[in-house]
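Spelled out, the chains give:
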Amino acid sequence: MYDFREWKHIFKLDPNKEIKDEALEQICESGTDAIMIGGTDGVTLEKVINLMARVRRYPLPCVLEISTIDSITPGFDLYFIPSVLNSSSRDWILGQHHLAVKEFGHWINWQEMIVEGYCILNENSKVAQLTNAMTKLDAEDVAAYAQMAEKMFHLPILYIEYSGTYGNPEIVKSAKNHLENTILFYGGGIDSVAKACEMANYADVVVVGNVIYENISEALKTVQAVKATVGND
Ligand SMILES: CC(C)=CCC/C(C)=C/CC/C(C)=C/CC/C(C)=C/CC/C(C)=C/CC/C(C)=C/CC/C(C)=C/COP(=O)(O)OP(=O)(O)O
Ligand SMILES: O=P(O)(O)OC[C@@H](O)CO
Ligand SMILES: [Mg+2]
């Protein structure tokens, strides 16, 4: 079983986006710690299976970040289950989860399931709009979610999500200062070595998504940049 607590860098591949074999090979052989498959819209079972099979040619961990019940497929190393802590709708905090467990609970291998407490901060992102996230939060608000994630709910992961835009490092730093056991993921707008290094100072794991499809050579450079950053100032 892979230990996500040891990871520092993840590439997130979107099943709803095309990636050529050559680019996929570069991503999978980049030295990243894991591939996470996930996205907000257009995530179908067929697209997830197809992408998983292509990633499976390479010997690195492959995680499904569940966004819909219908696209869950066996064969991943781990399953990350998002719960959007700052959603204004119970559906995205625990409602969808309740439906899934009620219907499929007897099939679930809980050792493979890792819950991510999401805090979504880019109001213009598709994921913020989908989940009705309350994005107007300051560092104190996010620090409170961090404490709740760790101390109240004992969540393994807190994910600060700026999907599509670069976030505020002070907010990430403040969250990190309130965490001892919960692993802090940062994702959003990492499109350069400088941004990757800055967030790696505070987050335990830096997630890199869109730049894979926009500028693969910059995407690849983020791997060593993150790994060379000592972190947690
Ligand atoms: C192995 C096997 C076959 C098991 C079967 C048993 C089973 C069904 C287990 C599942 C148990 C369970 C509790 C499932 C949860 C079900 C569920 C649908 C929960 C809701 C998850 C959720 C909150 C989704 C909302 C959207 C979201 C937060 C998605 C996460 C990914 C994300 C943030 C994508 C954004 O990515 P990005 O690339 O920025 O987006 P776009 O580029 O597309 O804009
Ligand atoms: O696509 P970007 O903006 O890199 O964000 C990565 C990830 O946090 C999305 O869920
Ligand atoms: Mg994306």
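Residues numbered from 1 in each chain as written. Chains lettered and ligands numbered in written order. Predicted model: local features only at pLDDT ≥ 70, side-chain atom pairs only at ≥ 80, totals over all residues. Heavy atoms only, no water.

- If you check an unreviewed UniProt entry, the protein chain appears there as Heptaprenylglyceryl phosphate synthase from Perspicuibacillus lycopersici.
- According to the UniProt record, the Sequence similarities (unreviewed entry) comment for the protein chain is "Belongs to the GGGP/HepGP synthase family. Group I subfamily."
- Taken from UniProt, the Cofactor (unreviewed entry) comment for the protein chain reads in full: "Mg(2+)". (UniProt positions renumbered as here; feature names shortened; annotations may be inferred.)

Topic: the UniProt feature "binding site: Mg(2+)" (unreviewed entry) in the protein chain
Next, step 1: As recorded in UniProt, the sites labelled "binding site: Mg(2+)" (unreviewed entry) are Asp14 and Thr40. The greatest C-alpha distance among the annotated residues, which extend across 27 residues, is 8.5 Å, indicating that they converge on a single site.
Next, step 2: By relative accessible area, which is 12% here, Asp14 ends up buried.
Next, step 3: Those residues in contact with Asp14 that sit more than four places away from it in its chain are Gly38, Gly39, Leu51 and Tyr213.
Next, step 4: Relative to the assigned elements, Thr40 resides in the loop between strand S2 (34–37) and helix H2 (45–55).
Next, step 5: On the basis of relative accessibility, which here comes to 28%, the residue Thr40 falls in the partly exposed class. (Buried < 20%, exposed > 50% of the residue type's maximum accessible area, 1.4 Å probe, protein only. Contact = heavy atoms within 4.5 Å. Helix = DSSP H or I, 4+ residues; strand = E, 2+ residues; numbered from the N terminus.)

Concerning the confidence of the model for the protein chain
Next, step 1: In this model, the protein chain carries an average pLDDT of 97, and 99% of its residues clear a pLDDT of 70 or more.
Next, step 2: For the protein chain, helix H3 (residues 90–104) is the element with the lowest average pLDDT, namely 97, and strand S6 (residues 157–161) is the one with the highest, namely 99.
Next, step 3: For this predicted complex, the interface confidence reaches an ipTM of 0.96, while the overall pTM sits at 0.97. (pLDDT = per-residue confidence, 0-100.)

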